[in-house]
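Report on the structure
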Amino acid sequence: MRVIPTGETLGATIEGLDLARPFSDDEFEGVVRALGERGVVRFPGQTLTGRQLADFSARFGELEINVANTHQEPGIPEVMILSNIVEDGKAIGLADAGQDWHTDMSYSSTIAFANVLYGIKIPRRAGQSLGATEFSNMHAAYDGLPAEMKRDLEGMTVLHDFNKFWEMMRREKGSKRPPLSDAQKKAKPPVSHPVFLTHPITGRRVLYANPGYAVRINELPQKESAQTLAFLFQHQLKAEYRYAFHWEERDVLMWEDIGTIHNAVADYGPHEHRLIKRCQVMATRFQPEEE
Ligand code: SIN
């Protein structure tokens, strides 16, 4: 197994691992180390069934069955299908997953540790791969905050709401998603997490807030909360913290969600087909420290 860093703020390619086969504890440790150091890792040239994708992902923690997931791999609800392909008038996947900056499952009391995506069909135009996944580095964003802000926000908590991203997709992006049902909202009520967490792999502080789901800093008056969140959202997307991943078919892309935020770039049309299978790994094996 060889880890080749991108040379950018995030990202590495891991060669020499076939994710369809069980791998050793040493290899597992190597992947975890690379995830901590690089945040986002790519395993090129994989051939996986949905079951194998789920088995690989489950090494890192329990898998989430998404509350709004209407597009699952048959018989394997932990594998979600993200796609703009329509067959016989029926969408085979969720077409607009993740198309703005967010962290998966920050709206959940057990947050996400990692996402594992398998690229099956990747749109291309004029030789260029489309539908990149962009990331921003929340270790670097924390390090780059003004010292007084780190001090003042220490110990404060942020409220995260699943419905914020869902409604934004409907309102601003023309998404055809129906509104969340009362049952779906009840299954995922807004939850609070500390604004800074200690990362379970690196032991370093990270900024844990994201434009997709963060709605309020609980300990601040409404106006100050809104101003502080607006500052954090702008700060965490500075160019120097960012990295764009350009897909090739049969890539498996894994990223850790505690020290990164991400955005799926919607630069392809309805006839430029994208098909990705995704597992979300919860922070049950790797848990952040809140202190
Ligand atoms: C996601 O937010 O998990 C989806 C990312 C992508 O489709 O590139």
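Scroll up a little and you will see the structure.
No experiment lies behind these values; they were computed from the predicted model shown.

**Some words on the site of the ligand**
- In the vicinity of the ligand, the contacting residues are Leu82, Gly98, His102, Asp104, Asn115, Leu117, Thr133, Trp255, His262, Ala264, Arg274 and Arg278.
- At 2.9 Å from an oxygen atom of the ligand is found a side-chain nitrogen or oxygen belonging to His262.
- Interatomic distance of 2.7 Å between a side-chain N/O atom of Arg278 and an oxygen atom of the ligand.
- For the ligand, the protein covers 99% of the area, taking 260 Å² as the surface of the free molecule.
- Judged by its atoms lying within 2 Å of the grid points, the ligand is housed in the second largest cavity.
- Looking at the shell around the ligand, the elements with two or more residues in it are strand E8 (112-121) and strand E19 (260-264).

**Some points on the side chain of His102**
- Within the element layout of this structure, His102 appears in the loop between strand E7 (90-91) and E8.
- Residue classification places His102 among the buried positions, given a relative accessible area of 3%.
- Among the polar contacts made by the side chain of His102, one reaches the side chain of Asp104 at a distance of 3.2 Å.

**Examining helix H2 (residues 50-58)**
- Of all the residues in H2, the buried ones are Gly50, Leu53, Ala54, Phe56 and Ser57. For H2, the angular spread of the buried residues around the axis is 165°, confining them to a single face.

**Comments concerning the pairing of strand E1 (residues 2-5)**
- In this sheet, strand E2 (residues 12-15) lies alongside E1 in antiparallel orientation, the contact comprising four bridges. Pairing of Ile4 across the sheet is with Thr13, part of E2.
- Between the end of E1 and the start of E2, which pair antiparallel, lie six residues, with Gly7 showing a positive phi angle near 90°.

**Section: unusual backbone geometry**
- The phi dihedral of Asp88 is positive, around 50°, even though this residue is not glycine.
- Residue position: Asp88 is located in the loop between strand E6 (86-87) and E7.
- Located in the positive-phi region is Arg250, a residue other than glycine, with phi close to 75°.
- Among the secondary structure elements, Arg250 is positioned in the loop between strand E17 (242-245) and strand E18 (252-256).
- Overall, the relative accessible area of 41% leaves Arg250 in the partly exposed class.

**Comments concerning the packing of aromatic side chains**
- Under the defined criterion, the tally for this structure stands at 15 aromatic pairs.
- With a centroid separation of 5.3 Å and an interplanar angle of 65°, the aromatic rings of Phe56 and Phe60 are classed as edge-to-face.
- When its relative accessible area of 2% is taken as the criterion, Phe56 is described as buried.
- Taking relative accessible area as the criterion, Phe60 reaches 0% and is therefore assigned buried.

**Quick look at the pairing of E19**
- Within E19, five of the five residues are buried, which leaves it mostly tucked inside the rest of the structure.
- In E19, alternate side chains face the same way, and those of Thr260, His262 and Ala264 on one face and Ile261 and Asn263 on the other are all buried.
- Sheet analysis places strand E11 (residues 133-137) next to E19, joined by five bridges and oriented antiparallel. Counted as the bridge partner of Asn137 is Thr260 from E19.

**Observations concerning the sheet that holds E17**
- Reading across the sheet, the three strands line up as E17-E11-E19 and stay open at both edges, with antiparallel pairing between neighbours. The open sheet has two free edges, formed respectively by E17 and E19, since each of these has just one partner strand. The sheet shows a mean angle of 20° between the axes of neighbouring strands, taken without regard to direction.

Criteria and thresholds
The residue count restarts for each chain, going from 1 along the sequence in the order it is written. For this predicted model, a pLDDT threshold of at least 70 governs which residues receive local features, and a threshold of 80 or more governs which side-chain atom pairs are given and counted, while totals over whole chains, interfaces and linings are taken from all residues. With hydrogens and water excluded, all non-hydrogen atoms of the structure serve as input to the side-chain values. To be near a molecule or strand, a residue needs just one of its heavy atoms within 4 Å of it. Pairs of N or O atoms are called polar contacts if they sit within 3.5 Å, as long as, within protein, a hydrogen donor faces a hydrogen acceptor (for residues adjacent in sequence, only side-chain-to-side-chain pairs). All accessibility values rest on the Shrake-Rupley procedure with a 1.4 Å probe; residue burial counts only the protein chains present in the view. A 1.4 Å probe that fits but cannot get out identifies a cavity on a 1 Å grid over protein atoms alone, an open set with protein on both sides within 12 Å along at least five of seven lines counts as a pocket, and a residue lines either if it has an atom within 4 Å of a point. A molecule is said to be in a cavity or pocket once over half of its atoms fall within 2 Å of that pocket's grid points. Runs of E in the DSSP output that reach at least two residues are strands. Runs of H or I that reach at least four are helices, and both are numbered from the N terminus. For each residue, the accessible area found with a 1.4 Å probe, counting protein chains only, is set against the maximum for its type, and the residue is called buried under 20%, exposed over 50%, and partly exposed in between. To obtain the arc, one takes the directions from the helix axis to the C-beta atoms. DSSP calls a pair of strands paired once it identifies at least 2 bridges connecting them. Working definition: rings of Phe, Tyr and Trp (its six-membered ring) pair if their centres are within 6.5 Å, and the pair is stacked with planes under 30 degrees apart, edge-to-face with planes over 60 apart, and tilted otherwise. Axis definition: a line fit to C-alpha positions, over the contact stretch in the case of helices; interaxial angles, taken between N-to-C directions, run 0 to 180 degrees.

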